[in-house]
Structures are given as structure tokens and as C-alpha cells.
Amino acid sequence: MAAEHPDVVVVGSGAGGAMAAYVLTQAGHRVLMLEAGRDYDPKTETPMFQTSADAPLLGAGTPDKNFGYFDATVDGGWQVPGEPYTTAEGSEFLWWRSRMLGGRTNHWGRYSLRFSEHDFKGYSRDGLGADWPFDYEELAPWYDRTEALVGVCGANTGHPDMPDSSPGVLQPPPKARVPELLIAAAAQKLGIAAAPMHRAVLTRPLDDRAPCFWATPCGHGCSIGAAFQTTTSLLPLARKTGLLTIRTDAMVSAVDVDAHGKVTAVRYVNRKTGKTESVSGRAVVLAASACESARILLNSRNERFPNGVANSSGQVGRNLMDSTGAGLGAMIPALVGRPRYNEDGHTANHIFIPWWGHEQQAKGELDFPRGYHLEIGSGFDAPNAWTGAGVQGYGTALKRRVRETYGAGVYFALRGEMLPNRDCYMDIDDDVRDKWGIPVPRFHWRWAEHELNQVAHGLTTMKALIETMGGEAPALPSPEAAIRKGGEIIHEVGTTRMGTSRKDSVTDQWGKAWDLSNLYVTDGGVFASNPHKNCTLTLMTLAMRNADYLAGELTKGAA
Amino acid sequence: MSKQGRDRLPRITRRESLKWFGMVLAGNALTPYPADAAASVVVGDDHWPMLKLAPVTAPGYGQDPDLVAMTAGPWPRTLSAGELDIVRLVAGILVPREGDVPSAAELQVEDVVDEWVSAPYEAQQRDRVPIVSLLIWLDAESERRFDQRFVDATDAQRVAIIDDIAWLDAQEIYRRPAQAFDRLRSVIVAAFYCTPEGSADLGYLGGKAIAGDYPGPTAEALRHLAGVLASLGLEAWVDPAAG
Ligand SMILES: Cc1cc2nc3c(=O)[nH]c(=O)nc-3n(C[C@H](O)[C@H](O)[C@H](O)COP(=O)(O)OP(=O)(O)OC[C@H]3O[C@@H](n4cnc5c(N)ncnc54)[C@H](O)[C@@H]3O)c2cc1C
Ligand code: SF4
């Protein structure tokens, strides 16, 4: 029924699409979801207790499975079979996709940090980038609702870069492990505060989902539903209403728009038959991921809209941002041969180092305008294809060395804010089509001085932390060599940004396209800036708020 | 080649190199690429074979393999029985039995090496040439030093060869075998520690479901940390989660 006459067609079943479908169906609206990937059931398909020995090549990453054999990604990674993308000359950009129900939420890192008050009005503060059309206060209650629904563990610490959640919203965080405690102590000596990480992992039961049992890597997926993925939470909840129909293997190519600026149909390729089909609803929500939604809008061009639809501002595909990334690691002699215990925990950071430099930036003491945080790699990891790598010699001496150095390494990963710049954007490469005949995106990329200076600062900080722990830091690479490629941190946002004026933004504060009466975007495309706090919690919070607005409009009969 | 290396290693005589050349042919007779490999054998000063192996063209496991059911790569294996014998012997030297803990050889890690060098992926194919070359070199080196193949040499003789190539700063003459050995070692060592026996030997204590909250560090681990902090002059950080 929902499939025949949906109120809303939602494109994509990942973080943004599933949240929109959840909110809309709870409000009583019928939703038809179109998802390019195949159906996927984490309950039966997740390798939970499999070890590296149970995988081809000890589970090592390959061109088929870039993040390791057991990573949950289906038909994706840096490349999707038959669906290329291109980069402009001189540009490097990586675009991670997956073709499965639930999209990248099946295997994301689940780090879920709120943006803070600093993050929404950056332009007002330093004249760079763009302001968001609202401030933190407006979003705070929506963060509460999203965190409670998604299930986020963490702690309120009053850290200036980490707004508190309302009491009772966060689930209790796990205790820090030994190397994390050492790092926190070293940071403390440098005047930098560590804090419990916030992660979309249950430590208490929620709905049908069990709490974490501290044993199996979340990147494989989580069959018990503890690690948030839409396939064990939002989608089953939305389905329970009886108002959600999901059509998988439906690759949307374009939307049709009438003379009044109304979307009349969503066109898609049925991947099983190769045939193009179309559906219509009172409203359309694009949540195919930032670059894919922008691609759909640009590919919807026709005589009336030669630059694509919803693009009178010319901003569709522009303002493409990722997080900056860089890393540094070392062996810490004081951790060599330390006592063993089970350090699996929830298999990711229990603590991390939030950005500590707002005051310094306000005083103009730093040569880069926006902050970063440091994530931590450490611990007695499950043995894998890299165990013992780099140890030389042979025999019992080699074994002793592997045992001693096990769990003695630490690695810091910087994740920083980048500013939008004119050189970073995507457009359509008219010379290349994917196997469905759809023109593909072409990426343009160049890091600016802001990001390079930030990475240089981060490397110096990581070195200081390593040395404070008595380690010997490797020679620091140049920031140009250290900074990861555009897209590589997989936080791409900004391609359909929201704003207060139709002149320089694609959507209003509700994610509604300025130019169209019934088209909304609920993925990261709407981000006006890309603070260093991993984007997905905010993406889902905006999706919840904006789908709630759309639900109201539908009820009023306004959409 | 360093002077020292040249002095230490008698030059391979024509007779020896011909004998070795024939051995390579025989050793590879069961593999799918003998003719090709033989055709490209070059004897250098360090008698390192320059193999040009026919590329592995078998398909990989694809981008949507059955993660629960598939436990080994589906591609055909390429190492010959003779080569596997050498890998097994090297594995026993790299990770020997210690008390109750079996050696890597007893745990059949040669299967992982075979899977690894036979895989159609670029990184593994990059490892394949040096690793297969090393297996050939080990036999030739054993012939050169002891006048018998690696499998027929004594344990002490085999260890003597491995000892010369076990460090990356090996003598110049052993640089290429040492680099190749480093790759083989990394696969064998990882394969060993990934077994239940190796994992236990390493001291990995995770992978077990725990009901309730994560217990965190043990008292012993915290005591050790306190000593580390004291030695580094650091004050303990108060974990809000430790409550
Ligand atoms: C390994 C990894 C770790 C990550 N870690 C974190 C983290 O710790 N914290 C964090 O905040 N973020 C993290 N991310 C990023 C996070 O996954 C994304 O920000 C988030 O999933 C984006 O949500 P989305 O709905 O926009 O896109 P997706 O989740 O990718 O969902 C989009 C869906 O739309 C479908 N689709 C695409 N094109 C079409 C089309 N044309 N027609 C129909 N359907 C289409 C896709 O198949 C997909 O299912 C990580 C990502 C990866 C890959
Ligand atoms: S560690 Fe916990 S949350 Fe992560 S996959 Fe395992 S059970 Fe799920």
C-alpha cells in the first residue's frame, strides 16, 4: 500500500534516510524507501566471533575488501563494481560507498560527538566558511532525542568542546584501558584534557537491542544490535508501523520537476532487471549520501534547469568538505611486557582527546582557525595479519620480542575541521557513465593552508604526547606528506549546504530545497561547515529535526 | 657487494650454478609456471634468482563474499610440495616449539603462506616473487654450503643459513634474501599468532562475551600502570567511567 501511494519517497537507507523514514512513519506517513544496494540482514550475515584465522589471508584488507575481509561493507569500499567516479587532473579524492541496506551505518566507527556552540557560527567568529542557520541551543533538544533513540554511551564532563547531554540521555561509558590512561595522564601534563569517547554503542538494553558484550569488532557489524546500525534499529522500528516499504536494488538516477518547481517523480534503475522505473510521492527526501544526492540533483538537469535542479544558487556540488586526517605512532618502552588482561572493550576508543585550543584561537595564538581531536590506537588487539610485523630475527628470541611489544604501541589519529574552499567540489563527468548509464561525479580537491597548518600542529602535539610517555617519536613528516587524501576520512559533507539565503545555499534550515516545493535533503550534504567532531550524529540529528518538520507540513497538507 | 661479503661467499662455480638451475626446474615441475620461471632465472653475484612468474589470474573472493561461511581464499594454490616442505622447515625455525606451545610448523602455517602467495591481489602478488625466490635461494644456498638441499640439511645447517638472513641489516650479500625473508616471516609469524595456540601464547585474553559492564584493567594492570606513571613523573588521570 505504502509502495503504491507513498506520502514520501526516501532515497537511501543509511543514517539520514533511515532516520527520516523512522520519524515520518512514527508520525503516520507512508514511506517508500529506494535503496541502491542489496537487502542485508545483520542478524544472519555478521561474522561475530570469527577470528582472523577464519578468514582468507588472515583477514587482511584487499582490493575487494579494503578494510579487511570481515568488514561489513557489501559491494563497495573505495570502488563499487561498475560504478566509477573520476577526479580532475591534479586532484586526489577517495569516495567510500557501500551497496547494502543500511549503507555505511553497518560498518561505521560509531563515534558520536555533538558539535558545540563554537561550531555553528564559525563565520561570525573568524569570517571564514559559512554560518549555520541556527545555533547550538536550537539543536540541543534534538541531540538529546537522537542520542536517546540511537543509544550513545559517554559521559558529561563539562569539557568546553563537548556540550553535555541532558541527564539520563547518555548510557554509561566503559572504563578506560591502561594505554588510554597513560595517554590521558601524559596529555594532562601538557595541559590537555582527555575525555570518555561518545559512541553509538549500547551499554544498556534499548528496544529489541542488547547491550554490548565487549568481544567482537564493530566494523564487522553487530548482530545483537548493540552497535548502532539502521538495519537493527531505525529500519525495524519504522517497519513495525506498517507504513514503510523498502525497495532494495533501486538505483535512483534523477528526479523529474514540473514547471511549478515540484518534484513529480523519482526515476531509478531496477538493478535486477536493468530497467528504469519511476515512483512519485507528495514529498521526496534525498539521503543517498552527500555526493550521491548532489549527483542526483545535477543529473536531473533538463532544458529548464541546465545546471541541475535545486541549483539556482550554483552551490550544488560545491563546498565539499571532509575531515582532515593524519597520524603518528610509536612504541612506548614503559608499556613493554605489561600485565595482560582483556582490552577488547567495545573494540574502539574508550577515551580520546577533544579539541583544547578554542581560547588560544580566540586570542589569535594559532596559525589555523579550526580545531581537531585525537583518536587513539592502542591495546591488546586480537591477533591479525599484522601481529608481529616489523619484528626481526627468529626463534624463541623473536617470540619473546613479539610477546613483549604486544600492546606496547600507541597511535594517534588526528581528525580536524576543514574549511570549504573554491578548489574542493564535485561536478558531473559527462564523459563517464556507470553501468546503469548514469553520468558519474568528478571530484576536485586541494587542501588549503588552514588544514596544513592544523596538521603540522597536530603532528607536533602527537610527538609531544609520545615523548611525555617516554617514547621516541618518528621523524615528523611534512604536513603535505602527512595529510590524508580528500575523502579518505569518509566524512564528506557540504554539497547541498543549508543556509539563510537562497543565493548562497541549496536548502533552508529544514533541509528543504529553496527552489523546489517538496524536496528535502537529510544527508551530510546540508552541512554548512564540517567541525572536527565526526559528522554522523549531527547528520542524524538534523535528519530527525527536519523530517519532523516535513511530517508537520504533510499533516497540515502543505507539502 | 661488500668486500666482506665477497670474501665470505665463494663464487658459485659454473658447475654449481648449472646444478642449481636444473634443481629449480625440478622443484617447480609441479607448479603451473615452471617453463616461465625457468626461462627467467638469472644468477647474480648473490645467486638471487630473478623470477618472472606468470601472473596469477584466478578471481578473488569478490566484494560480497559470504563472511560467515568462507574461511579461505577460493583461488588455486600455487606452491609445489617441495616448496611447501621448505616453508614448513622455515616455520619451525622461525617459531619453534616451546614447552606445550606447538611450533608454527606443527600448526600448518604453510597453508596460509600458500594461500597468501597464490592470492590474485596486488599486495600478495608483490610478496609472491620474493618469497618464491627465497625458497629457491634457500635450496641453492644449502647446496652451495653443505652440498645438499635445504630439506636434507641438518637442523643446525638450516639455522646457520637463516641466521645470516634474519635481520634487515644483513651483510650486503644477504640483503635480497633478508628482505624476502622479512616478508615470509611476517606471514608465518602472523599466521602462527592467529591460531588459538598462538593467540594464547601471545596472551590475548579477549574475544569472549562478558555479561554486564566492561570490567576494565585488572588490579595487577593498574598497579603496573601506577609504577609506569611514577617512573615518568606523571599524575594519574581520573577516569569518569571508573566512578
Ligand atoms: C569505516 C567507516 C568509519 C566511519 N566512522 C564514523 C564515525 O566513527 N563517526 C561518524 O560520525 N561517521 C563515521 N563514518 C561516516 C558515516 O558512515 C557516514 O557519515 C554516514 O553513514 C552517512 O550517512 P548517509 O545516510 O549520508 O549515507 P550512507 O550511510 O552511506 O547511506 C546512503 C545510502 O544510500 C544508498 N544510495 C546511494 N546512492 C543511491 C542512489 N542513487 N539511489 C538509491 N540509493 C542510493 C547507499 O547504497 C546507502 O545505503 C564512517 C564511515 C566509514 C565507511
Ligand atoms: S563490541 Fe559490542 S557493540 Fe561492538 S560489535 Fe561487539 S557486541 Fe556489538
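Here's what I pulled together on the structure shown here. (Residues numbered from 1 in each chain as written. Chains lettered and ligands numbered in written order. Predicted model: local features only at pLDDT ≥ 70, side-chain atom pairs only at ≥ 80, totals over all residues. Heavy atoms only, no water.)

## Here's the deal with the site of ligand 2
All names here are of chain A.
Part 1: Every residue lining ligand 2 is accounted for by Val201, Cys212, Phe213, Thr216, Cys218, Gly221, Cys222, Ile224, Ala226, Ala227, His346 and Thr347.
Part 2: Under a 2 Å grid-point criterion requiring more than half of the atoms, the pocket assigned to ligand 2 is the second largest cavity.
Part 3: Residues of the shell around ligand 2, tallied by class, amount to eight nonpolar, four polar and no charged. (Near = heavy atom within 4 Å. 1 Å grid on protein atoms, 1.4 Å probe; cavity = no way out; pocket = protein on both sides within 12 Å on 5 of 7 lines; lining within 4 Å. Sits in = over half its atoms within 2 Å of the grid points. Nonpolar A, V, L, I, M, F, W, Y, C, P; charged D, E, K, R; others polar.)

## Structural notes on the side chain of aspartate 508 of chain A
Residues and elements named next belong to chain A.
Part 1: Checked against the element boundaries, aspartate 508 lands in the loop between helix H12 (479-482) and strand S16 (519-521).
Part 2: This buried residue, aspartate 508, is left without a salt bridge; lysine 512 holds the nearest opposite charge, at 5.0 Å.
Part 3: Only 2.8 Å separates the side chain of aspartate 508 from the backbone nitrogen of tryptophan 510, close enough to count as a polar contact.
Part 4: Those residues within four positions of aspartate 508 in sequence are excluded, and the remaining contacts are Met498, Gly499 and Trp514. (Helix = DSSP H or I, 4+ residues; strand = E, 2+ residues; numbered from the N terminus. Buried < 20%, exposed > 50% of the residue type's maximum accessible area, 1.4 Å probe, protein only. Lys, Arg positive; Asp, Glu negative; His and termini not counted. Salt bridge = Lys/Arg side-chain N within 4 Å of Asp/Glu carboxyl O. Polar contact = N/O pair within 3.5 Å; in protein donor to acceptor, adjacent residues only side chain to side chain. Contact = heavy atoms within 4.5 Å.)

## Concerning the interface of chain A and chain B
Part 1: With 87 residues of chain A at the interface, the matching set in chain B holds 76 residues.
Part 2: Between chain A and chain B the total buried area reaches about 6700 Å² when both faces are included, carbon and sulfur atoms providing 64% of it.
Part 3: Sorting the residues of chain A by area buried against chain B places Leu57, Tyr394 and Lys399 of chain A first, and these three jointly supply 12% of that buried surface.
Part 4: Between chain A and chain B we count six salt bridges in total.
Part 5: In this structure, the salt-bridge partner of aspartate 201 of chain B is arginine 403 of chain A, at a minimum N-O distance of 3.0 Å.
Part 6: Where chain A packs against chain B, one counts 30 residue pairs in polar contact (both at pLDDT 80 or more).
Part 7: Counting residues per element, the ones that place at least two in the side of chain A that touches chain B are helix H2 (42-45), helix H6 (178-189), strand S4 (195-196) and helix H10 (395-405) of chain A. (Buried area = accessible area lost by both parts, 1.4 Å probe.)

## Notes on the site of ligand 1
All names here are of chain A.
Part 1: As a matter of local geometry, ligand 1 sits amid 37 residues, with Glu35, Arg104, Gly109, Glu292 and Thr536 nearest to it.
Part 2: In this structure, alanine 36 approaches ligand 1 through a main-chain N or O atom, which is 3.0 Å from a nitrogen atom.
Part 3: The separation between a nitrogen atom of ligand 1 and a polar side-chain atom of threonine 536 is 2.7 Å.
Part 4: Within the residue set of the shell around ligand 1, elements represented by two or more residues are helix H1 (15-26), strand S6 (250-257), helix H8 (290-299) and helix H13 (536-556).
Part 5: Tallying contributions element by element places S6 first for the shell around ligand 1, with three residues.
Part 6: Classifying every residue of the shell around ligand 1 by side-chain character gives 18 nonpolar, 13 polar and six charged.

## Observations regarding the packing of helix H5 (residues 110-118) of chain B against helix H6 (residues 122-146) of chain B
Residues and elements named next belong to chain B.
Part 1: Where H5 contacts H6, the axes come no closer than 7 Å and their chain directions differ by 115°. The angle between H5 and H6 falls in the class roughly perpendicular. Here Trp116, Val117 and Ser118 of H5 come into contact with H6, specifically with Gln124, Gln125, Asp127, Arg128 and Ile131.
Part 2: Of the residues in the contact of H5 with H6, the class split is three nonpolar, three polar and two charged. (Axes fitted to C-alpha atoms, helices over the stretch in contact; angles between N-to-C directions. Parallel < 35°, antiparallel > 145°, perpendicular 65-115°, else oblique.)

## Description of the pattern of salt bridges
Part 1: Counted under the stated rule, the structure contains 48 salt bridges over all chains.
Part 2: Close ionic contact of aspartate 161 of chain A with lysine 533 of chain A constitutes a salt bridge, the shortest N to O distance being 2.8 Å. With aspartate 161 of chain A in the loop between helix H5 (136-150) and H6 and lysine 533 of chain A in the loop between S16 and H13, this pair connects stretches of sequence that are 372 residues apart.
Part 3: Classification of aspartate 161 of chain A by relative accessible area gives buried; the value is 1%.
Part 4: A residue is classified by how much of its surface remains accessible, and lysine 533 of chain A, at 1% relative accessible area, is buried.
Part 5: Residue arginine 97 of chain B pairs with glutamate 106 of chain B through a salt bridge whose shortest N-O separation is 3.0 Å.
Part 6: Glutamate 106 of chain B sits in the partly exposed class, given a relative accessible area of 37%.
Part 7: Connected through shared salt-bridge partners, Glu83, Arg99, Asp249, Arg271 and Lys272 of chain A make up one network.

## Here's the deal with the packing of aromatic side chains
Part 1: Applying the stated criterion across every chain yields a total of 37 aromatic pairs over all chains.
Part 2: Aromatic pair phenylalanine 115 of chain A and tryptophan 132 of chain A: ring centres 6.1 Å apart, planes at 75°, arrangement edge-to-face. Within this pair, whereas phenylalanine 115 of chain A is found in the loop between strand S3 (86-87) and helix H3 (117-120), its partner tryptophan 132 of chain A is found in the loop between helix H4 (122-126) and H5, the two being separated by 17 residues in sequence. Taken individually, phenylalanine 115 of chain A and tryptophan 132 of chain A each receive the classification buried, so the pair is uniform in this respect.
Part 3: Ring geometry for tryptophan 75 of chain B and tyrosine 121 of chain B: centres 5.7 Å apart, planes at 90°, overall edge-to-face. (Phe/Tyr/Trp six-rings, centres within 6.5 Å; stacked < 30°, edge-to-face > 60°.)

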